[in-house]
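Take a look at the letters that make up each chain.
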Amino acid sequence: MNMTDGIKYIKVKSSPLRKNKKISVKQNASIQTSIQECNVKGSVSFKTGSLKEKCQSVLQKYLLGEKSYARQEAHAIYKKHPGSIAAAHLWTMILYKDYRFKEAYAAVKKILEKSPDDANKYNLCGLIQRNLLLFDEAIASYKKAVELKPTFADPYNNMGIIYRYSGEREKAIKSFLKALALNPGFVSARYNLACMKGYVFSKEEISLVEKQREKLELPEDKARSDFTLYNALLKNNEFDRAFFYLEEGNRILFNNSKSPHILPGYAKIIIERFDENYGANLKKLGPISKKPIFIVGMPRSGSTLLEQILSSHSNVAGIGESHAMPKLIHSVYRKLEADTETFVKVFAETDEKQLEYLIREYEEKALQYVKNEAFFTDKMLNNFKYIGFIQSLIPQARFIHIKRNPIDTCLSCFEKKFTTGHEYTYDLDTLAKHFIAYSDLMKHWLKLYPELIYEINYEDIVSDTESQVRNCLSFLGLRMQKSCLEYYKNDRNVYTASTDQVREKINSNSIGKWRRYEKQLAPLVKRLSKAGIDID
């Protein structure tokens, strides 16, 4: 899920225990947020500056990358102080940040039994429930939080996010406005409001954001305000001014990003090493109980629309952006992208029983959202990197490669404030390198597995919806259903930045959008054209 987690940032002092280690501004922002979450007011029987500071220190170590040590320490503190809400809260936060949401949920419920009047804990409970897709329960937790603390802005922002997921636009806007009424400086809430389709900022609101931006200290907050201004000015047709803030926000994010750009190197080695002979010699595992359809490609290419169309078929379930397959692949060799040569060798030598175990684990995770449907779509777009490996693990798998005009795609990536995993979108030159590597790798996979990969263009779906959908379904062995053309009536929750678009009928509003910024995007056009990418 690429949307804000709804937790605001505040400034606190860093723990003196870590003063000898350099902390990046981005890390410090994350630490400040998480320490805020770990603070407990008046519910723990220990001396100020003892256990509470220890909890903060451990959480800080976790966020600085010492995760194994921090997990052990947090668990030890939790066991040693079973009656301490601070210790229990620390352990819950570790579970939450480790994506162990079921365990975190069990832990936070125990905290709430001991501290039933703590609005902050109900807000945290709602965040955990949201990640478990328990949306009704999450809304109830947020409502309880504001019942206990009527001036608490965070739960209103978090409710707005869920309402947006479910297509309840008016409720979402109302929730974000309520959060801002309680806290006019709530950067995340104003950003979420700016992203809402149908809400246009007045000139006074734009001026307010610009003034607030100058007072912000955390780069993360400044960047979010820049993206807020981009969206607000874009809706007011002030394109040049909007692009200025878009570039500024991405520059801040890029300068504070530590993730190396490794796709070009990974793609080069895969193209060299994964040839027809290598693929033929890989172990072929048995089928899983449902037929997976992997939607692959670049972000912002129309994939959410495509999944919404396919999942409107009575025999297809849409599971969205599942992390299950990337985790499976990485479990074979953790440094697969940093050391691709070794990964290619290790994957071919991995024991068949181990691979079978991993596939059953993927099946269990993926199918928890599938009912009686025979097919399911897995829309983790980055799976394009692993097509040949997935094919050996699940021979029945089929792949749909969704494509869109390259410049429209890159602009759309650049204008969305992505989080972890998409740092390459923060810089146009880096984005161009990524797109070229992705394009080369997809050509390679298509050459090796032409019968398993179906390519479809977003622009063709827009201009000739029925025949494009019919052909795509035919590739999967499915018949056309009217419901696929009425995808906008599908009431499934959508967790991507395109959640608003899939609630509407198909339109051509996003086609050729990049031409508003031909001057600003000229270097990108030149770079892709030089690499042989057709931009028309």
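Everything numeric in this text was worked out from a predicted model, so none of it was measured.

Novice: I would appreciate a short explanation of the overall build of the protein chain in the present structure.
Specialist: Of the regular secondary structure elements, the protein chain holds 26 helices and five strands. Long-range contacts, defined here as pairs at least 24 residues apart, represent 72% of the contacts in the protein chain between residues at least 6 apart. With the model as given, the accessible surface of the protein chain reaches about 24,200 Å², and the carbon-plus-sulfur share is 49%.

Novice: Sorry, what's going on with the side chain of Thr425 here?
Specialist: Along the polypeptide, Thr425 turns up in the loop between helix H21 (406-414) and helix H22 (428-448). Separated by 2.7 Å, the side chain of Thr425 and the backbone oxygen of His422 make a polar contact. Ignoring sequence-local partners within four residues, the contact set of Thr425 consists of Asn250, Cys413, Phe414, Phe418 and Leu431.

Novice: What should I look at first to understand the sheet that holds strand S3 (residues 375-378) in this one?
Specialist: Note: strands within a sheet are paired through backbone hydrogen bonds, in either parallel or antiparallel orientation. The five strands are arranged S2-S3-S1-S4-S5 in an open sheet whose pairing can be described as parallel. In this open sheet, the two edge strands, each paired with only one partner strand, are strand S2 (316-318) and strand S5 (453-457). Adjacent strand axes in the sheet meet at a mean angle of 25° when their direction is disregarded. With four bridges joining them, strand S1 (residues 291-297) and S3 adopt parallel strand pairing. Residue pairing in the sheet places Pro292 in a bridge with Phe376 of S3.

Novice: Is there a simple way to think about unusual backbone geometry in this case?
Specialist: The phi angle of most residues is negative, glycine excepted, and most peptide bonds adopt the trans form. Of note, the phi angle at Tyr99 is positive, near 65°, even though the residue is not glycine. Take Tyr99: it is sitting in the loop between helix H4 (85-97) and helix H5 (101-114). Taking relative accessible area as the criterion, Tyr99 reaches 60% and is therefore assigned exposed. For Asn237, which is not glycine, the phi torsion reads 60° and is therefore positive. Topologically, Asn237 is positioned in the loop between helix H12 (219-235) and helix H13 (239-255).

Novice: Would you mind going over the pattern of salt bridges with me for this structure?
Specialist: All chains considered together, the criterion is met by 28 salt bridges. In this structure, the salt-bridge partner of Lys379 is Glu321, at a minimum N-O distance of 3.2 Å. Residue Lys379 is found in the loop between S3 and helix H20 (387-393), and its partner Glu321 is found in the loop between S2 and helix H17 (324-332); the two are separated by 58 residues along the sequence. Residue class for Lys379 comes out buried when judged on its relative accessible area of 2%. For Arg360, the salt bridge identified is with Glu363, shortest N-O distance 2.8 Å. In this pair, Arg360 and Glu363 both sit in helix H19 (residues 352-367), three residues apart, roughly one turn of the helix.

Novice: Is there a simple way to think about the packing of helix H8 (residues 154-165) against helix H10 (residues 187-195) in this case?
Specialist: The axes of two packed helices give the description: the angle between them and the distance between them. One way to put it is that H8 packs onto H10 with a least axis distance of 10 Å and a crossing angle of 25°. Accordingly, the angle class assigned to the pair H8 and H10 is roughly parallel. Here H8 runs over H10; the crossing is left-handed. In this structure, H8 contributes Asn157, Ile161 and Arg164 to the contact, and H10 contributes Ser188, Ala189, Asn192 and Cys195. Looking at the contact of H8 with H10 residue by residue, the classes come out as three nonpolar, three polar and one charged.

Novice: In this structure, what is going on with helix H24 (residues 465-476)? I would like to understand it.
Specialist: Think of an α-helix as 3.6 residues a turn; residues three or four steps apart then line up on the same face. Here H24 spans 17 Å end to end across 12 residues, near enough to the 16 Å set by a 1.5 Å rise per residue. Listing the buried residues of H24 in full gives Thr465, Gln468, Val469, Cys472, Leu473 and Leu476. In a view along the axis of H24, the buried residues occupy a sector of 130°, so they form one face of it. The first or second residue beyond H24 is Gly477, which carries a positive phi of 80°.

Novice: Would you take a moment to explain helix H3 (residues 67-80) for this structure?
Specialist: Helix length check: H3 (14 residues) gives 20 Å between terminal C-alpha atoms against 20 Å at 1.5 Å per residue, within 8%. Along H3, the positions that sit buried rather than exposed are Ala70, Ala74 and Ile77. All buried residues of H3 fall inside an arc of 65° around its axis, so they share one side. Exposed residues pointing more than 90 degrees away from the buried face of H3 are listed as Gln72, Lys79 and Lys80.

Novice: Help me out: how do you make sense of the environment of Ile394 in this one?
Specialist: Within the secondary structure, Ile394 sits in the loop between H20 and strand S4 (398-403). C-alpha separation for the pair Ile394 and Ile288, spaced 106 residues apart in sequence, amounts to 7.1 Å. Once you skip the residues sitting within four places of it in the chain, Ile394 turns out to touch Ile288, Pro292, Phe294, Met325, Ile359 and Tyr362.

Conventions and cut-offs
- Residues numbered from 1 in each chain as written.
- Predicted model: local features only at pLDDT ≥ 70, side-chain atom pairs only at ≥ 80, totals over all residues.
- Heavy atoms only, no water.
- Helix = DSSP H or I, 4+ residues; strand = E, 2+ residues; numbered from the N terminus.
- Contact = heavy atoms within 4.5 Å.
- Areas by Shrake-Rupley, 256 points an atom, 1.4 Å probe, with all protein chains shown as cover.
- Polar contact = N/O pair within 3.5 Å; in protein donor to acceptor, adjacent residues only side chain to side chain.
- Pairing = 2+ DSSP bridges.
- Axes fitted to C-alpha atoms, helices over the stretch in contact; angles between N-to-C directions.
- Buried < 20%, exposed > 50% of the residue type's maximum accessible area, 1.4 Å probe, protein only.
- Salt bridge = Lys/Arg side-chain N within 4 Å of Asp/Glu carboxyl O.
- Parallel < 35°, antiparallel > 145°, perpendicular 65-115°, else oblique.
- Left-handed = near helix turned anticlockwise from the far one by under 90°.
- Nonpolar A, V, L, I, M, F, W, Y, C, P; charged D, E, K, R; others polar.
- Expected span 1.5 Å × (residues − 1).
- Arc of directions from axis to C-beta.

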